[in-house]
Structure formats: structure tokens, C-alpha cells
Amino acid sequence: MDIPTSDIHKMSVEEFDTKKLLINAARQRDRRKLEDVLIVDVDCHHYENESLRDIIQYIEDPVIKQTGLLYSGSGTGAQTPLLPGVVGYQDVSGRVMRYPLRKLEQTPADGTHRDVHLSLKWMDAMGVDYVSMFPTPMLLLGLHPQPEIEVAMSRAYNRWLVEQILPQNERITSMLYLPFNDPEAAYRMVEEFGDRKGVVGFSVVSTRYKPVYDNAYMKTYRLMEEMGKPLAFHASYNWNDPLLGATNRFLVTHAMGFTIYNAMHCANWVINGLPERFPGLKVVWIESGLAWVPWLMQRLDNDYRMRSSEAPSLKKLPSEYMQDMYYSSQPMEVPNDLDVLEMTFKMIKAETQLCWCSDYPHWDMDLPSVIYDLPFLDETAKRNILGENARKLFDLDVSGRFPDYTPPGGGA
Amino acid sequence: MAKEIFVAKSDDLPDGERKIVPNGNSEIGVYRVRGRLFAYQNLCAHQGGPACEGLLMAKVEEVIAEDKTYQGMRFNHDEMHIVCPWHGWEYDLESGVMVADPTFRLRKYDVVEKEDGIYVLA
Ligand code: FES
């Protein structure tokens, strides 16, 4: 296929192979002996829209199913009404070439799903042992104007994932999508899927306008706390948001969009005292990078000292609650002055609270080396962040990859 | 003493094309653009991606009018960029310097064209 470029230098590509694209990642893996390190990726993705027809088969509502089938077939020329459309060009207009080329990649027709084949390819190249896999277009499903579509699609996706995909390989797990716009449906989702194999937690895509402190969610938080399943807030963006609508470059839309929703939910979570109500519920903030955390900690602490009457449930500073939470690393902001990053790690208690993730195959993915090469981390901290923190968070059985696994530093 | 690595016969690297040749445990990307040859290690200064396997794109510029109003964007074909396919870091084809932050650069190699073909000095 031809990738249009700026001029005569149109690029013609005949084949695409993740393994070849990631040869340098495999070289990094070998040079750093990452095969000996437990690496758990708490946030990677697949393209569930490529399996939309199969997923729609799991929709129970006959009317929504018929609509979905019609638009997922060929010939209508229309985008499916089951997923909200997206404005944006994450691939930097084709410069991040794996986006336009992914359809060229061949996978064996051996009964194993294409998404499993593709995931294992990049995981092996990077030296990743286990992943928590998220969808891609569904990250905008919370913006669908019809809550019943969010429920129908997410339930169908979760069933398809749990029945068809996760059983195919124990290295692939998931934090299942919660249809947060319908609190009762979200509760039922946790009830129904919480104990299913490969389900390591639940996730809320944070790009939405429902407040986390709504009483309607309390029973769901309590259920997750009882089950010992973490709750992740996964960032996304919405260029149609009135605030982000004032941005005209995707760079800004992304830099702001992927942080502000998580920052808003995190602030609400802390100031409403939810950590006091659910002290055993592990909360994870995914794909907002790390730089927002020190910013929000300082803002909230400063205001809380002046206005503690508005947050009467708190028994310590907001930043101290935030230090009990978990953070995924990607896209990790790497300043030229690494002292800044070192201070960020200190503020979030990275050694126990930070979990590396790749976000692969998305455009701003990170390799394990972003953590492994940091000069201010010792070997135990590196291993905690790359795998051990997530192993504990997910209560993950890693014996399939490491039969004699012992936690780094000899800890329990 | 630099070793010479054979890249291609002259006709096999026409203008606007690129060839990637192995060099130990890495590769070197060799470009011929507007009659000139350039060679860089196929290793991005960001996270180590295969920078030379990406697109070659003209620099994008903003068109700002006399009255400072924004009038759109255009390609400047006099400044070509090597774009790393992993995340899109862009490097100036002539110098190998990263265009967004000149503290980073691609490793540059000398290239020579002889009667029997093109060689990189590595
Ligand atoms: S590795 Fe080249 S842009 Fe990131």
C-alpha cells in the first residue's frame, strides 16, 4: 500500500510485521536481560472494532443487535451507530506508521484469535509477561448519548472477551469496561464478571460527565472492595468537550484531554472522602502520565488547608490519600532534567504505587526501558514498577512464566 | 580506521529513495535526496526505534501574514525530515538533529559514491 507523504517521497509498503517493527525493542530486551524480569503491562490495547460483528452477536437487546448488525455489514457505507465517532489523528497523520499499516499484518489461521496473535508478538518483543488489555474505540463509548447503547455494547464486549479471547492465553487479562452512565448496570457487571478467569479488575473510562461521588455508585465500590478487585480510571479525550473545543492542535487536545478528566475524578474522589469510605478499594489512574499528580497534590493540599470544612471526611492531607493510589506510567513525561522526574517518583511513592505500562500499539507507547534505564532507581524499584506492583495489585498468578518467582528485594 | 560498508550500486539508490544496510547489531539508513547522500544509524534517540524505517516528510510550517494572522500551513520541501515510525520524532535530513529539541540527534555517517557504488564509512 502507499502511504501519502508530503511530496514525491510517497512511501510504498508491501508488508507489515510487528516483530520486524520491534526488532530494536527485542534488542533492548536482550541487552537488559528483561526475560529474567517479571514485566506486567497494566494498560495495552487491541482494536475491538475489527471484531465488531462477533461482538454484536453477544448483544441481547434484539433491536440494538439488528441495528448493530446492519451497520457492521458491508454496503451501508455508514459508521456503526453503536460507537460514537472520533475526531482526531493520533497517528500524527500517518507518521506513526503502525496505524495505517496494521491491516497488512498477517496472522496464522489456526483458531487463535488475531488479537491474541498480535498481542503476543509485541509482548514477546518487549519482554512483557502479562498484560491487562483494554479496547480502543470503546474508550469513547461513555460519550454515547444513549446509555442503553453503552450498556449493551460493553456487556457484549465483556462477554465476548471473557468467553472468546481471555481463555485463549493466560498472559492476557483485562480490567473490564463498566458502563458508568448506568450505575445499576455497572453494579450488575461487577457482580456477573468479577470472578471470571482473566478479570483482574474493572475500569471506568474517565471521559464522561458523571461524578464519582454519586450515591448511586457506592454499592458498586463496596462490591469491588469486597471482591478485592481494583477500580481503574482510564484516560481518554473528547475534542467536542466545550473546554477542549478551544484547542486546535491534537497535541494540546491530547496533552490536556488525557489528564483533565482523570484529575477531576481524582480530586472528587479524594475530597469527598471516598478513600475513607472504601479503605480497601484499590484505585488506579491510567494513561495520564505522571506530571499531573504532583500538580494536583499541591493544589488540593493548599486549598484543603484553607477549606477543610468542605472536606470533613478527610483524616490526612489529600496528597497522602493520593500516595495510597496506584498510577500507570505511560506516557511517562521524561524531562531533560531528570531531577524533576525523580521528585515526581518520590511524590507518588513510585516504588510501591507505580505500575509500568506500554499502551501498545497506540502512538505514544512506552517500552520497559523507560523505567529500566532510569539512573535514580535501584534494581528493586525497577522490578517493582515493571511487574511486582502490578502482580500484587491484580493478585496475579505468575507461575506460568516464573515457576519459582520471588518478589524483588526478597519481600513477600 | 573506518570500515566501508557497501550500500548499493548507484542505480539501485535513485533520488528520493532510501536503503537500509546491516551494521553489526544495528543498521544504517542511507538516503539519496536531490542528488545528495546522507547516512544515519537506524536508532532513534527517543526510545530506540528504527528511525530510518519511517517516512521522509517535508517540514511543516505555519503561514503567518504581515498582520500576524494565521493563514494555514504548508510543506517546506527544502527541509526534509526523517520521521521515526514509533512515535513520530522528526530529524533534519541534512544534520540528523532532532527538530523539536536539538539536544537529541541521530548518529551520522559519511557516505561516498565510487564508480562501483555507494559506501558508508562506519
Ligand atoms: S523511538 Fe523514535 S520516536 Fe520514539
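Values in this document were obtained by computation on a predicted structure and should not be read as measured data.

K.L.:
Which parts of the structure should I look at to understand the overall build of chain A?
P.N.:
A count of helical and extended segments in chain A gives 17 helices and 10 strands. For chain A, whose C-alpha radius of gyration is 21 Å, the value lies close to the compact-globule estimate of 22 Å for 412 residues. Along the first, second and third principal axes, the C-alpha atoms of chain A reach 60 × 55 × 45 Å. For chain A, with 412 residues in total, the buried portion stands at 58%. Considering only residue pairs separated by 6 or more positions, chain A has 77% of its internal contacts joining residues 24 or more positions apart.

K.L.:
What is the right way to read the confidence of the model for chain B from this model?
P.N.:
Close inspection of predicted coordinates is inappropriate for parts of the model with low pLDDT. Scored by pLDDT, chain B has a mean of 96; 100% of the residues are at 70 or more. The ipTM assigned to the predicted complex is 0.95, against a pTM of 0.96.

K.L.:
Explain the packing of helix α7 (residues 147-165) of chain A against helix α8 (residues 183-193) of chain A to me, please; I cannot follow it from the model alone.
P.N.:
Helix packing for two helices is described by the angle between their axes and how far apart those axes are. Residues and elements named next belong to chain A. Look at α7 against α8: their axes get within 11 Å of each other, and the N-to-C directions meet at 10°. Comparing their axes, α8 and α7 come out roughly parallel. Note on element contacts: α8 touches α7 through A185, M189, E192 and F193, opposite V151, S154, R155, N158, R159 and V162. Residue composition of the contact of α7 with α8, by class: 5 nonpolar, 2 polar and 3 charged.

K.L.:
Just checking my understanding: could you explain the interface of chain A and chain B for this structure?
P.N.:
When the parts of a complex come together, some accessible area is lost, and that lost area is often taken as the interface size. Tallying the contact residues gives 26 residues for chain A and 35 residues for chain B. Summing both partners gives a buried area of about 2400 Å² for chain A against chain B, and 51% of it is carried by carbon and sulfur. Viewed at the interface, chain B and chain A are joined by 3 salt bridges. For E62 of chain B, the salt bridge identified is with R249 of chain A, shortest N-O distance 2.9 Å. At the boundary of chain A and chain B, one finds 13 residue pairs in polar contact (both at pLDDT 80 or more).

K.L.:
Teacher, can you tell me more about the sheet that holds strand β5 (residues 56-64) of chain B here?
P.N.:
Within a sheet, neighbouring strands are paired by backbone hydrogen bonds and run either parallel or antiparallel to one another. Residues and elements named next belong to chain B. Taking strand neighbours across the sheet as the criterion, the 3 strands line up as β5-β6-β7 in an open arrangement whose pairing is antiparallel. Across the chains shown, the open sheet's two edge strands, defined by having one partner strand only, are β5 and β7 (90-92). Neighbour-to-neighbour, the strand axes of this sheet turn through a mean angle of 50°, independent of strand direction. Alignment of strand β6 (residues 70-83) against β7, held across 3 bridges, turns out to be antiparallel. If you follow V83 over to β7, its bridge partner there is E90.

K.L.:
Can you help me understand the sheet that holds strand β9 (residues 117-121) of chain B in this one?
P.N.:
Residues and elements named next belong to chain B. Strands sit in the order β1-β9-β8-β4-β3-β2 across an open sheet of 6 strands; the sheet is antiparallel. Unpaired on one side and paired on the other, β1 (4-8) and β2 (17-23) mark the two borders of the sheet. Adjacent strand axes in the sheet meet at a mean angle of 30°, parallel and antiparallel pairs treated alike. Judged from the 6 bridges that link them, strand β3 (residues 26-33) and strand β4 (residues 36-41) form a sheet pairing that is antiparallel. By the bridge assignment, G29 is partnered in β4 with Y40.

K.L.:
Looking at this structure, I do not really get a nonpolar patch on the surface. What am I missing?
P.N.:
Residues and elements named next belong to chain B. Together, V60, I64, Y70, M73 and F75 give the surface a local cluster of nonpolar side chains, amounting to about 440 Å² of exposed area. Elements supplying a minimum of two residues to the nonpolar patch: β5 and β6. Counting residues per element, the nonpolar patch draws most heavily on β6, which supplies 3 residues. If you trace the backbone, F75 turns up in strand β6.

K.L.:
Any chance you could explain the packing of aromatic side chains here in plain terms?
P.N.:
Two measures describe an aromatic ring pair: the distance that separates the ring centres and the angle between the ring planes. The full count for this structure, using the stated rule, is 20 aromatic pairs over all chains. The interplanar angle of 75° and the centroid separation of 6.3 Å between the aromatic rings of W285 of chain A and W292 of chain A together place this pair among those described as edge-to-face. What links up through ring pairs into an aromatic cluster is the set F180, Y217, Y221, F233, W269, F278, W285, W292 and Y327 of chain A. One residue, K382 of chain A, lies across the ring of Y372 of chain A, its end atom 4.8 Å from the ring centre. The positively charged end of K114 of chain B is found above the aromatic ring belonging to Y119 of chain B, 4.9 Å away from the centroid.

K.L.:
How do you make sense of empty space enclosed by the protein when you look at a structure like this?
P.N.:
It is a probe the size of a water molecule, rolled over the atoms, that shows where empty space is left. Residue and element names in this part refer to chain A. Applying the stated criterion across every chain, the model contains 1 cavity of 30 Å³ or more. Its boundaries defined by the atoms lining it, the largest cavity holds a volume of some 210 Å³. Lining the largest cavity are 15 residues, with T18, R102, L118, Y360 and P361 sitting closest to its centre. At the level of elements, α5 (98-101) and α6 (114-126) are the ones that each hand at least two residues to the lining of the largest cavity.

K.L.:
Whenever I open this one, the nonpolar core confuses me. Can you help?
P.N.:
It is characteristic of soluble globular proteins that their nonpolar side chains tend to be buried jointly. All names here are of chain A. One finds Y221, F345 and I371 to be the most contacted residues of the largest nonpolar core, which totals 127 residues. Counting residues per element, this core draws most heavily on α7, which supplies 9 residues. Excluding residues that lie within four positions of it along the chain, Y221 makes contacts with F180, V212, L231, W269, L274, F278 and L281. Among the nonpolar cores identified, the runner-up in size contains 19 residues, and M175, I286, Y326 and L396 belong to it.

K.L.:
Please explain the pairing of strand β5 (residues 172-177) of chain A as it appears in this structure.
P.N.:
Successive side chains on a regular strand alternate, one facing one side of the sheet and the next facing the other. Residues and elements named next belong to chain A. Most of β5 sits out of view: 6 of its 6 residues are buried. When strand β4 (residues 130-134) meets β5, the two strands line up parallel, connected through 2 bridges. Paired with V131 across the strands is I172, a residue of β5. Here β5 runs beside strand β6 (residues 199-205); their pairing, made up of 4 bridges, is parallel. Bridge assignment links M175 to a residue of β6, and that residue is G201. Between β5 and its parallel partner β6, the chain crosses via α8, and the hand of that crossover is right-handed.

Basis of the calculations
- Residues numbered from 1 in each chain as written.
- Chains lettered and ligands numbered in written order.
- Predicted model: local features only at pLDDT ≥ 70, side-chain atom pairs only at ≥ 80, totals over all residues.
- Heavy atoms only, no water.
- Helix = DSSP H or I, 4+ residues; strand = E, 2+ residues; numbered from the N terminus.
- Rg over C-alpha atoms; globule rule 2.2 N^0.38 Å.
- Buried < 20%, exposed > 50% of the residue type's maximum accessible area, 1.4 Å probe, protein only.
- Contact = heavy atoms within 4.5 Å.
- pLDDT = per-residue confidence, 0-100.
- Axes fitted to C-alpha atoms, helices over the stretch in contact; angles between N-to-C directions.
- Parallel < 35°, antiparallel > 145°, perpendicular 65-115°, else oblique.
- Nonpolar A, V, L, I, M, F, W, Y, C, P; charged D, E, K, R; others polar.
- Buried area = accessible area lost by both parts, 1.4 Å probe.
- Salt bridge = Lys/Arg side-chain N within 4 Å of Asp/Glu carboxyl O.
- Polar contact = N/O pair within 3.5 Å; in protein donor to acceptor, adjacent residues only side chain to side chain.
- Pairing = 2+ DSSP bridges.
- Patch = residues over 30% accessible without salt bridge, like charges linked within 9 Å, V, L, I, M, F, W, Y side chains within 5 Å.
- Areas by Shrake-Rupley, 256 points an atom, 1.4 Å probe, with all protein chains shown as cover.
- Phe/Tyr/Trp six-rings, centres within 6.5 Å; stacked < 30°, edge-to-face > 60°.
- Lys NZ or Arg CZ within 6 Å of the ring centre and 35° of its normal.
- 1 Å grid on protein atoms, 1.4 Å probe; cavity = no way out; pocket = protein on both sides within 12 Å on 5 of 7 lines; lining within 4 Å.
- Points joined across faces, edges and corners; volume = space filled by probe spheres on them.
- Core = buried A, V, L, I, M, F, W, Y, C linked by side-chain atoms within 4.5 Å.
- Right-handed = clockwise from strand over helix to strand, strands pointing away.

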